Amino acid sequence: CGRGPGGCRGGRTDMALRCAASLAAGRQPRGPRRQGTMRWSSAAKPSAVKINEKASREKILTLESMNPQVKAVEYAVRGPIVLKAGEIEKELRKGIKKPFTEVIKANIGDAHAMGQRPITFLRQVVALCTYPNLLDSPSFPEDAKKRARRILQGCGGNSLGSYTASQGINCIREDVASYIERRDGGVPADPDNIYLTTGASDGISAILKILISGGGKSRTGVMIPIPQYPLYSAAISELDAIQVNYYLDEENCWALNVNELRRALNEAKAYCNPKVLCIINPGNPTGQVQNRKCIEDVIHFAWEEKLFLLADEVYQDNVYSEGCQFHSFKKILYEMGPEYYNNVELASFHSTSKGYMGECGYRGGYMEVINLHPEIKGQLVKLLSVRLCPPVSGQAAMDIVVNPPVPGEESYAQFIKEKESVLNNLAKKAKLTEDMFNKIPGVHCNPLQGAMYAFPRIFIPSKAIEEAKAHKMAPDMFYCMKLLEETGICVVPGSGFGQREGTYHFRMTILPPVEKLKILLEKVKDFHIKFLEKYA
């Protein structure tokens, strides 16, 4: 090979000698030089690897190449104003001076984060399920142990850490069905129609996913209330469906009017195929509780127009106003007779996150779906099986919501005391919030009949609207951002929920403790008056 008398072998010998000499001198030997592309060596020191930033290739995933439906998704409850609140919190921790000492996050219905205490019995049962050795402890009541043993018997290996059936643990679905029958005065419920979910949101998204089809003018239209909970608009955007708005009547305590439903439906038929009607009762963000006549009218409308009904009933325990009562759509549907009950397709949703429980983090929930086509039932189970199963601790928590202590059981007295304390406290705060808002010039708040939010209408002067436009903000976003920056109070602008053109609102939770809520409301009052003085 032209290397002299030793040929290749001699060249290798010389190299070995040079390597040995280098090692003896404490130097790293150099290998043979190779021409062409440099190969990556795991032995190379990081400091020796030079990265040519200019030579880095274009990213595969960019804003231009990403799924446009995901990009279209907006979720105001955790939107820009909440990100700004997080930045302010970091600044406060660094010692940067503000006109306030803390950020009060009144933007989301997270009860425990706002100081609400957990229900003892629920936590006891989940603790026993999580660590079964506690079943031998005398510190836990027998009624809690009984429920924990039953739940664990429904789990593979008697462990909360095992997967469950995609539809959920069978005995818990049986408990949900029994709960629905008790709640609805004996209206029958079939455990096979019950699907345990990761919060109510998971069930709503799954049902929408299976309902949406078609293209062009035959694309599925989904009717949602305005104002609405942004989960609906977000899911509709993600699934590339058509959002069909119907407006609640603010002048009539956010009532639902069937004439408005008919207007929205008829207009939508020109550009889509409306086949889903979503109802939130009690309302979020508006807090109205629908009366029986209204629900009957909605069911008749859905039957007449062949619409699939979605009833979001996660606030069913949160009813405060005198003369108001929660009526489930399932119960009213049954009482309207077989023509309706055997034909109207209905999915109803409930959750551990709201009510008196406030167990948002467990992500427990269920949906009951009735009058589903038998073949679609199999398709729904298939769809749910892709995510394997809901969190099993959340399933256990949901079981305690539907199977709480009963009179005669050891834990009943404490359970009822804690439950009533939470609900009475919320009723007190609902009235306090309504009264204080209505004392502020330029603010009007409808009665908070239920749920856990106020959605007051605010007057924003034209000068402030012009300044908002200059900042490329919606006027109520501008207002809420100023409120945050000057008081530390984080609320969500009404534009994130939808509102009639020319009206402005914000949503605020009523969950803070009473004394803190009073301070919060006083700060809003002072801010609003100064805001009007500055811009009027």
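On a predicted model such as this, the values are computed, not experimentally measured, just so you know.

**Re the overall build of the protein**
Here is step 1 of the chain: Per the secondary structure count, the protein includes 18 helices and 14 strands.
Here is step 2 of the chain: By the burial criterion, 49% of the 536 residues in the protein qualify as buried.
Here is step 3 of the chain: Long-range pairs, those at least 24 residues apart, make up 70% of the contacts in the protein with a sequence separation of at least 6.
Here is step 4 of the chain: Split by element, the accessible area of the protein, about 27,000 Å² in all, is 51% carbon and sulfur.

**A word on the sheet that holds strand β5 (residues 273-280)**
Here is step 1 of the chain: As summarised here, the arrangement of the 7 strands in space is β2-β8-β7-β6-β5-β3-β4, forming an open sheet in which the pairing is mixed. Edge positions in the open sheet fall to β2 (194-198) and β4 (242-247), since each of these has one partner strand only. Direction aside, neighbouring strands of the sheet carry axes that sit 25° apart on average.
Here is step 2 of the chain: Relative to strand β8 (residues 364-370), strand β7 (residues 346-351) runs antiparallel, the two being bridged by 6 bridges. Within the sheet, the bridge partner assigned to A347 lies in β8 and is V369.
Here is step 3 of the chain: Against the sheet, helix α7 (residues 199-211) contacts β2, β3 (220-226), β5, β6 (308-312), β7 and β8, and its axis sits at roughly 115° relative to β2.

**Focus on empty space enclosed by the protein**
Here is step 1 of the chain: Applying the stated criterion across every chain yields a total of 2 cavities of 30 Å³ or more.
Here is step 2 of the chain: Approximately 40 Å³ is the volume found for the largest cavity.
Here is step 3 of the chain: Lining the largest cavity are P225, P227, Y246, L248, L256, I279, I280, G283, N284, T286, Q288 and Q290.
Here is step 4 of the chain: When the residues that make up the lining of the largest cavity are grouped by side-chain class, the tally is 7 nonpolar, 5 polar and no charged.
Here is step 5 of the chain: Space inside the second largest cavity adds up to approximately 40 Å³.

**A closer look at the pairing of β3**
Here is step 1 of the chain: Burial analysis of β3 places 7 of its 7 residues in the buried class, which makes it a mostly covered element.
Here is step 2 of the chain: A two-sided burial pattern is seen for β3, the buried positions comprising T220, V222, I224 and I226 on one face and G221, M223 and P225 on the other.
Here is step 3 of the chain: The pairing of β3 with β5 spans 4 bridges and is classified as parallel. Its bridge partner lying in β5, V222 is registered against V276.
Here is step 4 of the chain: Two strands pair when backbone bridges link them, and β3 and β4 are joined in this way by 6 bridges, in the parallel orientation. Bridging across to β4, M223 finds its partner in V244.
Here is step 5 of the chain: Taken together, β3, helix α8 (residues 231-238) and β4 form a β-α-β motif whose crossover is right-handed.

**A word on the sheet that holds strand β14 (residues 506-509)**
Here is step 1 of the chain: Strand order in the open sheet formed by 3 strands is β10-β14-β13, with antiparallel pairing between adjacent strands. This sheet does not close on itself; its edge strands, each paired only once, are β10 (453-454) and β13 (492-493).

**Topic: helix α6 (residues 170-183)**
Here is step 1 of the chain: Across its 14 residues, α6 extends 20 Å between first and last C-alpha, which sits within 8% of the 20 Å expected from 1.5 Å per residue.
Here is step 2 of the chain: Where α6 is buried, its residues meet α5 (142-153), β2, α11 (329-335), β7, β8 and α14 (392-402).
Here is step 3 of the chain: Of the residues trailing α6, G185 is marked for its positive phi of about 70°.

**Let's talk about the environment of K293**
Here is step 1 of the chain: Among the secondary structure elements, K293 is positioned in helix α10 (residues 292-305).
Here is step 2 of the chain: In this structure, the C-alpha to C-alpha distance between K293 and I332, residues 39 residues apart in sequence, is 9.5 Å.
Here is step 3 of the chain: At 2.9 Å, the side chain of K293 and the side chain of D297 are in polar contact.

**Some points on unusual backbone geometry**
Here is step 1 of the chain: Cis geometry is found at the peptide bond from I226 to P227, where omega equals 0°.
Here is step 2 of the chain: As for its placement among the helices and strands, P227 is situated in the loop between β3 and α8.
Here is step 3 of the chain: Cis geometry marks the peptide bond from N284 to P285, where omega comes out at 20°.
Here is step 4 of the chain: You will see that N371, though not glycine, has its phi angle at about 65°, which is positive.
Here is step 5 of the chain: Assessed through its relative accessible area of 30%, N371 is described here as partly exposed.

**A closer look at the confidence of the model for the protein**
Here is step 1 of the chain: Counting all residues, the mean pLDDT for the protein is 89, and 89% of those residues have values of 70 or more.
Here is step 2 of the chain: Contacts from residues 1-13, a stretch scored under 50 in pLDDT, to residues over four places away or in other chains number 4 contacts.

What counts, and where the lines are drawn
Residues numbered from 1 in each chain as written. Predicted model: local features only at pLDDT ≥ 70, side-chain atom pairs only at ≥ 80, totals over all residues. Heavy atoms only, no water. Helix = DSSP H or I, 4+ residues; strand = E, 2+ residues; numbered from the N terminus. Buried < 20%, exposed > 50% of the residue type's maximum accessible area, 1.4 Å probe, protein only. Contact = heavy atoms within 4.5 Å. Areas by Shrake-Rupley, 256 points an atom, 1.4 Å probe, with all protein chains shown as cover. Pairing = 2+ DSSP bridges. Axes fitted to C-alpha atoms, helices over the stretch in contact; angles between N-to-C directions. 1 Å grid on protein atoms, 1.4 Å probe; cavity = no way out; pocket = protein on both sides within 12 Å on 5 of 7 lines; lining within 4 Å. Points joined across faces, edges and corners; volume = space filled by probe spheres on them. Nonpolar A, V, L, I, M, F, W, Y, C, P; charged D, E, K, R; others polar. Right-handed = clockwise from strand over helix to strand, strands pointing away. Expected span 1.5 Å × (residues − 1). Polar contact = N/O pair within 3.5 Å; in protein donor to acceptor, adjacent residues only side chain to side chain. pLDDT = per-residue confidence, 0-100.

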